[in-house]
Amino acid sequence: MSDLIFEPMQAADVAAIMEIERQSFASPWSAGLFLHELGVEFSRQVVARRRASGPIVGYACWWEVAGEVHVLTVAVDPRKRRHGIGRALVRHILAAGAGAGATVAGLEVRADNAAALSLYAACGFARVGERRDYYGPGEHAVLMDCSIATEWNDRGAGVA
Ligand SMILES: CC(C)(COP(=O)(O)OP(=O)(O)OC[C@H]1O[C@@H](n2cnc3c(N)ncnc32)[C@H](O)[C@@H]1OP(=O)(O)O)[C@@H](O)C(=O)NCCC(=O)NCCS
């Protein structure tokens, strides 16, 4: 999706983000956790809108540390899914990471989250391991990595 507007997440966005967050995760982040991340030096956050000043349709949070990107969360308004917003958010993260000099991105995703596993695979992530019981007894995490090519700098975010 190439017509998205990406903006840095602001504290004023957190109420709208929480609406999506609660519908997206069995164990949603708290508003306080989003606000905390806004103040973490190596944490990055973005919100996506379809038009200027329009409603938030998706958001992401990641860390950029020591040349690596670590994806913390990506979510899309349930009413807006399967229109390329998730893919555009992940591409935005990778482009931002490339711009900051990162060479690799990594993440953990619930082993039963088929949509996310498929999204990340579609964006170039590969399974590199598993953490058993990471989210609780019987709730395993899949570890995925992605090499960040310098081309992300040129392609930028939102390019389908
Ligand atoms: C995962 C999520 C972010 C995907 O967002 P989205 O905007 O619907 O994703 P996109 O439309 O960009 O899909 C890109 C690709 O991901 C895969 N995908 C996305 N949703 C999928 C689903 N429900 N089932 C299977 N594959 C899916 C497909 O490969 C898709 O490409 P295609 O549409 O050409 O087939 C969204 O489902 C979501 O917010 N889920 C709840 C939160 C979550 O689990 N976040 C990820 C863990 S942090």
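Read on for a plain summary of the structure. Nothing here was measured: the structure is a model prediction, and the numbers come from that model.

### As for the overall build of the protein
Okay, so step 1: Regarding its fold elements, the protein presents 5 helices and 7 strands.
Okay, so step 2: Secondary structure elements of the protein, listed N to C terminal, follow the sequence β-α-α-β-β-β-α-β-α-β-β-α.
Okay, so step 3: Against the 2.2 N^0.38 benchmark of 15 Å for 160 residues, the protein shows a C-alpha radius of gyration of 15 Å, consistent with a compact globule.
Okay, so step 4: In the protein, which comprises 160 residues, the share counted as buried stands at 34%.
Okay, so step 5: Looking at the protein alone, contacts between residues at least 24 apart form 61% of all its contacts between residues at least 6 apart.

### Concerning helix H1 (residues 14–24)
Given 3.6 residues per turn, any residue in an α-helix points the same way as the ones three and four places further on.
Okay, so step 1: Along H1, the residues that are buried comprise Val14, Ile17 and Ile20. Each buried residue of H1 lies within a common arc of 120° when the element is viewed along its axis, so the set occupies one face. Of the exposed residues in H1, those oriented more than 90 degrees away from the buried face are Ala15, Glu19, Arg22 and Gln23.
Okay, so step 2: The inward-facing, buried residues of H1 contact helix H2 (31–38), strand E3 (56–65) and strand E4 (68–76).

### With respect to the pairing of strand E5 (residues 104–110)
Within a regular beta strand, the side chains point alternately toward one face of the sheet and then the other, so they alternate between its two faces.
Okay, so step 1: Residues Ala105, Leu107 and Val109 point to one face of E5 and are all buried, whereas Val104, Gly106, Glu108 and Arg110, pointing to the other face, are not buried.
Okay, so step 2: As defined by bridge partners, E4 adjoins E5 across 4 bridges and the pair is classed as parallel. Bridging across to E5, Glu68 finds its partner in Val104.
Okay, so step 3: The parallel pair E4 and E5, bridged by helix H3 (residues 85–99), forms a crossover whose chirality is right-handed.
Okay, so step 4: As defined by bridge partners, E5 adjoins strand E7 (residues 139–147) across 7 bridges and the pair is classed as antiparallel. Of the residues in E7, the one forming a bridge with Gly106 is Asp145.

### Topic: the environment of Ala105
Okay, so step 1: Mapped onto the secondary structure, Ala105 falls in strand E5.
Okay, so step 2: Remark: the alpha-carbon pair of Ala105 and Ala48, spanning 57 residues in sequence, is separated by 20 Å.
Okay, so step 3: Residues within four places of Ala105 in sequence aside, it is in contact with Val69, Val71, Leu94, Gly97, Asp145, Cys146 and Ile148.

### Considering the site of the ligand
Okay, so step 1: Around the ligand, 21 residues are found, and the nearest of them are Arg81, Gly86, Arg87, Ala115 and Ser118.
Okay, so step 2: Put simply, the parts of the chain that give the shell around the ligand at least two residues each are E4, H3 and helix H4 (114–122).
Okay, so step 3: Of the residues that constitute the shell around the ligand, the class distribution is 11 nonpolar, 7 polar and 3 charged.

### As for the packing of H1 against H2
For any two helices packed against each other, one specifies the inter-axial angle together with the distance between the axes.
Okay, so step 1: Direction vectors running N to C along H1 and H2 enclose 125°, while the axes themselves pass 10 Å from each other. In terms of orientation, H1 lies oblique with respect to H2. For H1 against H2, the interelement crossing comes out right-handed. Seen from H1, the contacting residues are Val14, Ile17 and Met18; seen from H2, they are Ala31, Phe34 and Leu35.
Okay, so step 2: By residue class, the composition of the contact of H1 with H2 is 6 nonpolar, no polar and no charged.

Criteria and thresholds
- Residues numbered from 1 in each chain as written.
- Predicted model: local features only at pLDDT ≥ 70, side-chain atom pairs only at ≥ 80, totals over all residues.
- Helix = DSSP H or I, 4+ residues; strand = E, 2+ residues; numbered from the N terminus.
- Rg over C-alpha atoms; globule rule 2.2 N^0.38 Å.
- Buried ≥ 20, exposed ≤ 12 C-beta atoms within 10 Å, placed from the backbone.
- Contact = placed C-beta atoms within 7 Å.
- Arc of directions from axis to C-beta.
- Pairing = 2+ DSSP bridges.
- Right-handed = clockwise from strand over helix to strand, strands pointing away.
- Near = placed C-beta within 6 Å.
- Nonpolar A, V, L, I, M, F, W, Y, C, P; charged D, E, K, R; others polar.
- Axes fitted to C-alpha atoms, helices over the stretch in contact; angles between N-to-C directions.
- Parallel < 35°, antiparallel > 145°, perpendicular 65-115°, else oblique.
- Left-handed = near helix turned anticlockwise from the far one by under 90°.

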